[in-house]
Amino acid sequence: MRIVLGVGGGIAAYKVASLLRLFTEAGHDVTVIPTEAATRFVGVATWEALSGHPVSNSVFDEVHTVNHVRLGHEAELIVVAPATADLLARAAAGQANDLLSNTLLMAGSCPVLMAPAMHTEMWQHPATRANVETLRSRGVTVLEPASGRLTGSDSGPGRLPEPEAIFDAALALAGALALPETAAMPASEAELSAPPRPLAGLTVTISAGGTREPLDPVRFLGNRSSGKQGVALAAAARDAGAKVRLLAAHMDVPPPAGVDVVKVETALELRKAALHAAADSDVIIMAAAVADFRPADVSGTKIKKRDDLADPVISLVRNPDILRELVEVRDAASRKQLIVGFAAETGDADGDVLDYAAAKLRRKACDLLVVNHVGQDKVFGEDTNSVVILSRSGSEAQEASGSKSDVAAAVIDRVSAELSRVVPPA
Ligand code: C5P
C-alpha cells in the first residue's frame, strides 16, 4: 500500500521512526513528509534512510513532478504522527502552507489518520477540541492521545500512542490488515491469510469503567471498576473491523487507539450518551460498572465537618437501569441491534452464580449476559478474568477465561455468531 507518513514538529517525532519501520517491514511503500519543525527533532537523512525515498517539506522541491498534488493523489493511506496542535489547526482550517498541508488537502477519498501528541492543556483547549471535532466530522480519524508522563514534569492525556497501536489502527482504517503481498495471491489464499473481520461495516458502542456520583464538589461515590475489560472489548471489536465508540466512565487505563471516545462521569451522563449512541449502533456492550444509586442531594459546597452539628446522613436515590432501557427503546423502535450486558454475581445459600445470572438475563432482557463470578480480590483491576456467556436465544452457555484480551476476543466472537441471528445480513 502507498502510505504518506506526515510528521509534525513535536518531540514524539522520534517515536515515529519506529512506526515507519513497522510500515516498511510490513511491505508498504512509505513517503515521509515532515514539517519544517519536525526536521528540528529528527533530520531528513533519518527519514530518507528508513523510507528509501527522498524527503522534502517544501512545495518548491521536485516541482516538475507536481509533488504537492501527486503525493496526495497517489496515497492510499495518510498517517500523521505526531499531529501537533498547530498541525490539527492547519488541517482543520484547510491551509496549504507546506507540502504536508497541501497533501492533506489533496487526499480526496483516501483514509486519513491523525495521532495527536501535545501537552494536556493544548489538547484540552477549546480551540483544539473544535479542530478535532471539525476533522472528525469530515471523516478524518483522530486518535485519542495516550495518558501518562509528558515531556516536562507534567503528565496527563497528550502522549503519542505507541507506534504498534498507531500501526494497527492505521491498517484497520485502511481495511488492510492483510499483508500487502496478498493482493497478488489468488483470492482463496488471500482470504485464508487475512484475519477475519466479522464486524466490518458495523458500529459497536461499548461502555467501560465505573461511574462516579458526586456528593459535593470534592467527593463522589464510586466503584472499583478499572475499565480494563471494556477497553479490551473495544480493541477486540476494532480488530474485528467495527467502528467502535467507547463510552468511557472513570478508567484506570487509557482507551485503545482507533476508537472514538465519549467521556462520561455519572450514570445519568452515561444514560444520555448511551441512548444517543444507540440510534446508530448495531451492537451495544454495557461493560461499565454503573452506580445503582446516587446521592439524593448534591451539595454545591464542600460538606463541612462541624463539632456543633450532627454528622451528615447520605440518602440515595436509584439510578435508571440503562441496559434495561436500551432494550426497551430497541424493541419499541423494532431496531435490529444486539445488546450485551455484564453481571458481577456471587452465589449464596439460595442459589449459585448461574441461577442468579439466568434470573438477571430474564430481567434485563438483553441478548447476551457476560457473567463474572465475583469473589474477594477477583476481577476488579486484575489483568485476567473468567466469565460465562449466557444467551437469551437459549444457545449453550459458554465459558471463557484468560487475560482480559482473551475474554474480550471470546465475547466478540460470540457477538459475531449471535449477530447473524439477530441482525440477518441484508
Ligand atoms: O443490575 P446489575 O448492576 O447487576 O447489572 C449489570 C449490567 O447492567 C451491566 O451491563 C451494567 O452496565 C448495566 N447497568 C445499567 N444501568 C444501571 C446498572 C447496571 O445499564 N443502573
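Residues numbered from 1 in each chain as written. Predicted model: local features only at pLDDT ≥ 70, side-chain atom pairs only at ≥ 80, totals over all residues. Heavy atoms only, no water.

Caption draft 1: Just helix α11 (residues 228-239), in detail. Taking 1.5 Å of rise per residue, 12 residues should cover 16 Å, and α11 covers 16 Å from first to last C-alpha, within 8% of that figure. Judged by how many residues are buried, α11 sits mostly within the fold: 10 of 12 residues are covered. When we look at burial in α11, the residues that qualify are Q229, G230, V231, A232, L233, A234, A235, A236, A237 and R238. Just beyond α11, the residue with positive phi is G241, at close to 100°. (Helix = DSSP H or I, 4+ residues; strand = E, 2+ residues; numbered from the N terminus. Expected span 1.5 Å × (residues − 1). Buried < 20%, exposed > 50% of the residue type's maximum accessible area, 1.4 Å probe, protein only.)

Caption draft 2: Region of interest: the site of the ligand. Taken together, the neighbourhood of the ligand is formed by M286, A288, V290, D292, P320, D321, I322, L323, G341, F342, K360 and K364. A distance of 3.0 Å separates a nitrogen atom of the ligand from a polar backbone atom of I322. Backbone polar atom of L323 to an oxygen atom of the ligand: 2.7 Å apart, as the coordinates give it. Protein burial of the ligand: of its 450 Å² of free accessible surface, 87% is covered by the chains. Using a 2 Å cut-off from the grid points, one finds that the ligand occupies the largest pocket. Put simply, the parts of the chain that give the shell around the ligand at least two residues each are α13 (322-332), β16 (338-345) and α14 (353-364). Looking at the shell around the ligand residue by residue, the class counts come to 7 nonpolar, 1 polar and 4 charged. (Near = heavy atom within 4 Å. Polar contact = N/O pair within 3.5 Å; in protein donor to acceptor, adjacent residues only side chain to side chain. Areas by Shrake-Rupley, 256 points an atom, 1.4 Å probe, with all protein chains shown as cover. 1 Å grid on protein atoms, 1.4 Å probe; cavity = no way out; pocket = protein on both sides within 12 Å on 5 of 7 lines; lining within 4 Å. Sits in = over half its atoms within 2 Å of the grid points. Nonpolar A, V, L, I, M, F, W, Y, C, P; charged D, E, K, R; others polar.)

Caption draft 3: Examining the domain arrangement of the protein more closely. Here the protein is described as being made up of domain 1 (2-179) and domain 2 (203-294 + 312-422). Taking the mean C-alpha position of each, domain 1 and domain 2 sit 34 Å from one another. Contact with domain 1, which involves 7 residues of that partner, is made by 8 residues of domain 2. Across the domain 1/domain 2 interface, buried area totals approximately 680 Å², and carbon plus sulfur atoms make up 64% of it. Across the domain 1-domain 2 interface, the total number found is 0 salt bridges. Within the side of domain 1 that touches domain 2, the residues separate by chemical class into 4 nonpolar, 1 polar and 2 charged. (Domains from an automatic or database assignment. Contact = heavy atoms within 4.5 Å. Buried area = accessible area lost by both parts, 1.4 Å probe. Salt bridge = Lys/Arg side-chain N within 4 Å of Asp/Glu carboxyl O.)

Caption draft 4: Structural detail: the sheet that holds strand β3 (residues 77-83). Across the sheet, which stays open at both edges, the 5 strands sit in the order β2-β1-β3-β4-β5 with parallel pairing between neighbours. With partners counted over all chains shown, the strands left at the sheet margins are β2 (29-34) and β5 (141-142), one partner each. Pairing of strand β4 (residues 112-116) with β5, which is carried by 2 bridges, proceeds in the parallel orientation. Along β5, the bridge assignment pairs M114 with V142. (Pairing = 2+ DSSP bridges.)

Caption draft 5: Structural context of the environment of T134. Within the secondary structure layout, T134 lies in helix α8 (residues 126-137). The class of T134 is partly exposed, set by a relative accessible area of 27%. With 45 residues separating them along the chain, T134 and A89 place their C-alpha atoms 9.7 Å apart.

Caption draft 6: Highlighting the packing of aromatic side chains. Per the counting criterion, the structure on display carries 1 aromatic pair. Judged by centre distance (5.5 Å) and plane angle (45°), the rings of F23 and F167 are tilted. Here F167 lies in helix α9 (residues 163-173) and F23 lies in helix α1 (residues 13-25), a separation of 144 residues in the sequence. For the pair formed by F23 and F167, the shared burial category is buried. When the ring centre of W123 is taken as origin, the NZ or CZ atom of R129, which lies over that ring, is 4.5 Å away. (Phe/Tyr/Trp six-rings, centres within 6.5 Å; stacked < 30°, edge-to-face > 60°. Lys NZ or Arg CZ within 6 Å of the ring centre and 35° of its normal.)

Caption draft 7: Broad picture of the layout of surface pockets. Approximately 980 Å³ is the volume attributed to the largest pocket. Lining the largest pocket are 39 residues; nearest its centre among them are A288, A289, V290, D292 and F342. Every element with two or more residues in the lining of the largest pocket is listed here: α11, α13, β16 and α14. With 4 residues, the top contributor of residues to the lining of the largest pocket is β16. Looking at side-chain class alone, the lining of the largest pocket contains 16 nonpolar, 13 polar and 10 charged residues. In this structure, the second largest pocket occupies an estimated 730 Å³ of space. Forming the walls of the second largest pocket are 29 residues, and the residues nearest its centre are T141, K243, V244, V259 and D260. Elements with a contribution of two residues or more to the lining of the second largest pocket: α8, β5, α9, β11 (243-248) and β12 (260-263). The dominant element in the lining of the second largest pocket, judged by the number of residues it contributes, is β12, at 4 residues. The residue makeup of the lining of the second largest pocket, split by class, is 14 nonpolar, 5 polar and 10 charged. Three or more residues apiece are contributed to the lining of the second largest pocket by two domains, here domain 1 (2-179) and domain 2 (203-294 + 312-422). (Points joined across faces, edges and corners; volume = space filled by probe spheres on them.)

Caption draft 8: Inspection of the packing of helix α12 (residues 267-278) against α13 at higher detail. At a closest axis distance of 10 Å, the pairing of α12 and α13 adopts a crossing angle of 25°. Overall, the two elements α12 and α13 adopt an arrangement that is roughly parallel. Crossing angle aside, the handedness with which α12 passes α13 is right-handed. Contact residues: α12 offers A267, L270, R271, A274, L275 and A278, while α13 offers I322, E325, L326 and V329. Tallied by class, residues from the contact of α12 with α13 come to 8 nonpolar, no polar and 2 charged. (Axes fitted to C-alpha atoms, helices over the stretch in contact; angles between N-to-C directions. Parallel < 35°, antiparallel > 145°, perpendicular 65-115°, else oblique. Left-handed = near helix turned anticlockwise from the far one by under 90°.)

Caption draft 9: Here's a closer look at α12. Compared with an ideal rise of 1.5 Å per residue, which puts 12 residues at 16 Å, α12 spans 16 Å between its outermost C-alpha atoms and is within 8% of the ideal. Every buried residue of α12 is listed here: A267, L270, A273, A274, A277 and A278. The arc that holds every buried residue of α12, seen down its axis, measures 130°, which confines them to one face. Opposite its buried face, α12 presents the exposed residues K272 and H276, each directed more than 90 degrees away. Residues of α12 that are buried sit in contact with β8 (203-208), β9 (213-214), β11, β12, β13 (283-286) and α13. (Arc of directions from axis to C-beta.)

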